[in-house]
Amino acid sequence: MADRVTVIGWDGSPLTAAARSALGAATLVAGAAHHLALPEVPPTAERIRLGSVALAARRIAGHRGTAVVLADGDPGFFGVVRTLRAPEFGLEVEVVPAVSSVAAAFARAGMPWDDAQVVVAHRRTLRRAVNVCRAHTKVAVLTSPGAGPAELGLLLEGVHRTFVICEELGTEREQVTVVTSDKAADHTWRDPNVVIVIGATVAAAEGGWIAGRDPGTGPRGWTLPAESYGGLMSESELEPLRAAQLARLGPRVGDLVWDIGCASGAFATEAARAGAAVIAVDRDPQACTRTEANARAFGVQLQIVHGAAPHVLENLPEPDVVRVGGGGAAVVSAVADRRPQRIVTHAATRDDAELIGRGLTEHGYDVECALLQSVELDTRAWTERERSVAFLLSGVLPDRTG
């Protein structure tokens, strides 16, 4: 095992005295090509071109001597330190950090970033990173080849965002470019780059207390009463049913939710308040208008699509979870063809519930059905005010239970 392992962050500025001392004593140096070209790298040291960090960690673990790993920015922030400290390698590391590429990008843009979401985009996580950009108004994306500004822009089709693209930060080739998301695919971008994705401006509260999105904004409660959404609601939107549907779907950050038959937008708004990206669909233009107004009132980002399901669903991006608020078995079947992890809907009669449930089973979903009855009481006289009954159906795809 290496006698000493030092991880040095590099942001383009001159190395600190601590970094130069560690590098000067190194018998093994790992890093990208531009790191290994630094004049401070000892000519006699063994050099490892850093591709797979895990492979480099194994080489370092078997090295007899002093090892240094060079990495861009802060190596403890979505960087190499996590892999190097994995138990299977048994390495104890010292870290000499530099300014992270995210901090540098926001500095170039002249923007605060304590309220920003930060995501890593590579081929496996690109879709989830895009969903975060759909749901939030300020996101920093650490990109990778094949998951860069052009791919982000293409997958954000239908959603307007502004990109601040920071290429090769800290080098002589550094460049900062501002484009709209629909124009990002028209350019070729150099790696490495960081993309700041900005949505509609939302007034920030003063004196934030937590990094990223403040989970405490807005009224408390997973679901809210009808009065919070203008008071007019269909049977499919009553709060007890909404609460049960929300619990079954469990929308979360990185998810894309379809809300088909969004009506007032109550469910869509509540899914967005949970941090998910939401596409709200309705054939009624007035419903779309109400949904937009409610989303604006709660400060959440929704993409609203006017059209009739199932045809309007054909060109929408792949969902993780779906609520079908209207359309019956035909729409549920069309949704199941897209293979979301979870589907939730309701039916007014047992026959309708059985038809929908059989359709979900034929698509390979594990189906649950429950009869929900709620009775609202007037607590001044303890008399019945409103009664609702519905069959709640949910389908879970066994091979996509994440």
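Rules and cut-offs
Residues numbered from 1 in each chain as written. Predicted model: local features only at pLDDT ≥ 70, side-chain atom pairs only at ≥ 80, totals over all residues. Heavy atoms only, no water. Helix = DSSP H or I, 4+ residues; strand = E, 2+ residues; numbered from the N terminus. Buried < 20%, exposed > 50% of the residue type's maximum accessible area, 1.4 Å probe, protein only. Lys, Arg positive; Asp, Glu negative; His and termini not counted. Charge placed at Lys NZ, Arg CZ, Asp CG, Glu CD. Axes fitted to C-alpha atoms, helices over the stretch in contact; angles between N-to-C directions. Parallel < 35°, antiparallel > 145°, perpendicular 65-115°, else oblique. Left-handed = near helix turned anticlockwise from the far one by under 90°. Contact = heavy atoms within 4.5 Å. Pairing = 2+ DSSP bridges. Salt bridge = Lys/Arg side-chain N within 4 Å of Asp/Glu carboxyl O. Phe/Tyr/Trp six-rings, centres within 6.5 Å; stacked < 30°, edge-to-face > 60°. Polar contact = N/O pair within 3.5 Å; in protein donor to acceptor, adjacent residues only side chain to side chain.

Tell me about the overall build of the protein chain, and please be specific about residues and values.
Of the regular secondary structure elements, the protein chain holds 12 helices and 17 strands. For the protein chain, the C-alpha atoms occupy an extent of roughly 85 × 45 × 40 Å along the three principal directions. Counting the 402 residues in the protein chain, one finds 48% classified as buried. Each charge class in the protein chain can be summarised by its mean position, and for the 39 positive and 47 negative side chains these summaries are 4 Å apart.

Talk me through the packing of helix α11 (residues 328–336) against helix α12 (residues 350–362); I want residue IDs and the actual numbers.
Where α11 meets α12, the closest approach of the two axes is 9 Å, and the angle between their N-to-C directions is 15 degrees. For the element pair α11 / α12, the angle class is roughly parallel. Judged by the sense of rotation from one axis to the other, the crossing of α11 with α12 is right-handed. Across the interface between the two elements, G328, A329, V332 and A336 from α11 touch L355, I356 and L360 from α12.

How would you sum up the sheet that holds strand β15 (residues 342–347)? Please name residues and give values.
What the seven strands build is an open sheet, ordered β13-β12-β11-β14-β15-β17-β16; its pairing is mixed. Two strands in the sheet have a free side with no partner beyond their single neighbour: β13 (303–306) and β16 (366–378). Within the sheet, the average angular offset between the axes of one strand and its neighbour, ignoring direction, is 20 degrees. Across four bridges, the pairing between strand β14 (residues 321–324) and β15 is parallel. The partner of R323 across the bridge, within β15, is V344. Here helix α6 (residues 126–135) sits on the sheet in contact with β11 (256–260), β12 (277–282) and β13, set at roughly 70 degrees to β12.

Now, about the pattern of salt bridges: what can you tell me, with residues and values included?
Enumeration according to the criterion identifies 20 salt bridges in this entry. Between R4 and E94 there is a salt bridge, with its nearest N and O atoms 3.3 Å apart. You can see R4 sitting in strand β1 (residues 4–10) and its partner E94 sitting in strand β5 (residues 93–96), a full 90 residues away along the chain. What makes R4 partly exposed here is its relative accessible area of 36%. The salt bridge partner of R296 is E292, with a shortest N-O separation of 3.2 Å. Separated by four residues within a single helix, R296 and E292 lie in helix α10 (residues 285–298), roughly one turn from each other. The class for E292 is partly exposed, based on a relative accessible area of 42%. One connected set of salt bridges, linked through shared partners, spans E376, D378, R380 and R385.

Lay out the packing of aromatic side chains in plain terms, naming residues and giving numbers.
Under the counting rule described, the total for this entry stands at three aromatic pairs. Ring plane angle 70 degrees and centroid distance 5.1 Å describe the contact between F77 and F78, whose orientation is recorded as edge-to-face. Seen from their ring centres, F106 and W113 are 6.0 Å apart, and the 10 degrees between their planes marks the pair as stacked. Assessed through its relative accessible area of 31%, W113 is described here as partly exposed.

Account for the pairing of strand β10 (residues 193–198), with residues named and values stated.
The two faces of the sheet receive side chains in turn, since in a regular strand these alternate between them. Most of β10 sits out of view: six of its six residues are buried. Of the two faces of β10, the one carrying N193, V195 and V197 and the one carrying V194, I196 and I198 are both buried. Where strand β7 (residues 138–142) and β10 come together, five bridges link them in antiparallel fashion. Residue V141 lies in a different strand from β10, and its bridge partner there is V195.

An account of the sheet that holds strand β6 (residues 117–120) is requested, with residue identities and associated values reported.
Across the sheet, which stays open at both edges, the five strands sit in the order β6-β7-β10-β8-β9 with mixed pairing between neighbours. Only two strands of the sheet have a single partner each, and these edge strands are β6 and β9 (175–180). The average undirected angle you get between the axes of adjacent strands in this sheet is 20 degrees. Contacting β6, β7 and β10, α6 crosses the sheet at an angle of about 160 degrees to β6.

So what about the side chain of T269? Which residues, and what values?
Mapping T269 onto the fold places it in helix α9 (residues 266–273). Not counting chain neighbours up to four residues away, the residues in contact with T269 comprise Y229, N294, A295, F298, V300 and L302.

Now, about the environment of A272: what can you tell me, with residues and values included?
Position of A272 relative to the elements: it lies in helix α9. Put simply, A272 and N294 are 22 residues apart on the chain and 11 Å apart in space, counted from C-alpha to C-alpha. Beyond its immediate stretch of four places on either side in the chain, A272 contacts R213, V278, V300, Q301 and L302.

Describe the side chain of S264, and please don't skip the residues or the numbers.
Counting through the fold element by element, S264 comes out in the loop between β11 and α9. One polar contact links the side chain of S264 to the main-chain amide nitrogen of A266, over a distance of 3.3 Å.

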